[in-house]
Amino acid sequence: MLKMNKVSKTYRTDTVETHALREFSLTVDEGEFVSVTGPSGSGKTTFLNIAGMLEELTSGSYELDGRDISKLNDKDRSKVRNEKIGFIFQSFNLIPELDIFDNVDVPLRYRGFDASERSRRIEASLEMVGLASRMKHYPAQLSGGQQQRVAIARALAGEPRFLLADEPTGNLDTHMADSVLDLLTEINESGTTIIMVTHELSLADRAKRNIFVRDGQVSDGPPEMQFASAANG
């Protein structure tokens, strides 16, 4: 489903050249739940941004559903991103002036769905995250965990092929974090592919597969062993 082959990403200024990814290779099959861990500055977020087509790679290749993303223009990349990818961020990015229904509706309006189709998708996604009864509430009336569930519903309403989650529990306490991970597990079991960046090893262990990123490169294996190796190295 997702295949990166020797992807490199270099940021350049007049005086500094930073190699965020170095020949980064990774394949994620349909239906996987993959956690991505690694020390600060290891390249996790850069990988996620490239996977979500928010940034362009410097070299290498990136295929999504067999299509070479690196050869698409901006318009086509935006189309693929909107149709296939859902994003969940550490900050919930909800609009405080809009109720929950309208918050979930915002990206669907950009997709051009008619009102009845948008309503169907919104109600279905809020039902999935257990907030159908709160759709007329405003973000300030919800707990942090509930707000993150709204953010997940917003991503799900687009019916994406896979979700990219960047520290989705970073602003939550342990109980709420576990609740959100339970929900992500259910979503994955229903067939959605999930790639999740997290610094919490206990949460990473709940994924079906663990990826450790260090110095812009990737290796599979139990994250606790990789962190121990990084600490000793």
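Before reading on, note that the structure itself is shown above.
Numbering of residues starts from 1 in every chain and runs along the sequence as written. Only residues with pLDDT of at least 70 are given local features in this predicted model, and only at 80 or more are side-chain atom pairs given and counted; all residues enter the totals for whole chains, interfaces and linings. To obtain the side-chain values, all non-hydrogen atoms of the structure were used and water was disregarded.

Caption draft 1: Seen up close, helix α6 (residues 174–189). Compared with an ideal rise of 1.5 Å per residue, which puts 16 residues at 22 Å, α6 spans 22 Å between its outermost C-alpha atoms and is within 8% of the ideal. Three labels apply to residues, based on accessible area from a 1.4 Å probe with only protein chains included: buried if under 20% of the type maximum, exposed if over 50%, partly exposed otherwise in between. Helical segments are the DSSP runs of H or I of at least four residues, strand segments are the runs of E of at least two, and each set is numbered from the N terminus. Of the positions making up α6, those classed as buried are Ala177, Val180, Leu181, Leu183, Leu184, Ile187 and Asn188. Buried residues of α6, viewed axially, fall in a sector of 160°; they line one side. Exposed residues pointing more than 90 degrees away from the buried face of α6 are listed as His175 and Glu189. Among the residues trailing α6, glycine 191 stands out with phi positive, at a value near 120°. Under the convention used throughout, the expected extent of a helix is 1.5 Å for every residue step, that is, one less than its residue count. Think of the arc as the fan of directions from the helix axis to the C-beta atoms.

Caption draft 2: Expanded view of the pattern of salt bridges. Any carboxyl oxygen of Asp or Glu within 4 Å of a side-chain nitrogen of Lys or Arg constitutes a salt bridge here. This model, assessed by the stated rule, comprises 17 salt bridges. A salt bridge links glutamate 56 to arginine 77; the nearest nitrogen and oxygen atoms lie 2.8 Å apart. With a gap of 21 residues between them, glutamate 56 in the loop between α1 (44–51) and β4 (59–64) and arginine 77 in helix α2 (residues 74–84) connect regions that are remote in the sequence. Look at arginine 77 and you get buried, because its relative accessible area is 11%. With a shortest N-O distance of 3.9 Å, aspartate 178 and arginine 206 are connected by a salt bridge.

Caption draft 3: Structural view of the pairing of β4. By the convention used here, strands pair only if DSSP detects at least 2 bridges between them. Strand direction decides the pairing type here: strand β1 (residues 2–12) and β4, joined by five bridges, are antiparallel. Each residue of the ladder has a partner; that of leucine 2, found in β4, is leucine 64. Pairing of β4 with strand β5 (residues 67–68), which is carried by two bridges, proceeds in the antiparallel orientation. Looking at the pairing, glutamate 63 lines up with aspartate 68 of β5.

Caption draft 4: The packing of helix α3 (residues 100–111) against helix α4 (residues 115–128), seen in detail. Every angle, taken between N-to-C directions, lies between 0 and 180 degrees, and every axis is a line fitted to C-alpha atoms, over only the stretch in contact when it is a helix. One can describe the packing of α3 onto α4 by two numbers: an axis separation of 10 Å at closest approach and a directional angle of 125°. With respect to their mutual orientation, α3 and α4 come out oblique. The handedness of the crossing between α3 and α4 comes out as right-handed. Across the interface between the two elements, Ile100, Phe101, Val104, Asp105, Leu108 and Arg109 of α3 pack against Arg118, Ser119, Arg121, Ile122, Glu123, Ser125 and Leu126 of α4. Every angle not falling under 35 degrees, over 145, or within 65 to 115 is termed oblique; those three ranges are roughly parallel, roughly antiparallel and roughly perpendicular. In a left-handed crossing the near helix is turned counterclockwise from the far helix by less than a right angle, and in a right-handed crossing that turn is clockwise. We call two residues in contact whenever any of their non-hydrogen atoms come within 4.5 Å of each other.

Caption draft 5: Focus on the sheet that holds β4. Within the open sheet, the four strands sit side by side as β2-β1-β4-β5. Their pairing is antiparallel. At either end of the open sheet lies a strand with only one pairing partner, and these are β2 (17–28) and β5.

Caption draft 6: Quick look at the nonpolar core. For our purposes a nonpolar core is just a set of buried Ala, Val, Leu, Ile, Met, Phe, Trp, Tyr and Cys residues, chained together by side-chain atoms within 4.5 Å. By size, the foremost hydrophobic cluster in this structure holds 34 residues, and its most contacted members are Leu126, Val129, Ile152, Leu184 and Ile187. At the level of elements, α3, α4, α5 (144–156), β7 (162–166), α6 and β8 (193–197) are the ones that each hand at least two residues to this core. Here the element with the most residues in this core is α6; it accounts for six residues. Leave out the neighbours within four places in its chain, and leucine 126 touches Ile100, Val104, Leu131, Ala132, Met135 and Ala153. Residues Met4, Leu21, Met53 and Val80 belong to the second largest nonpolar core, which totals 29 residues.

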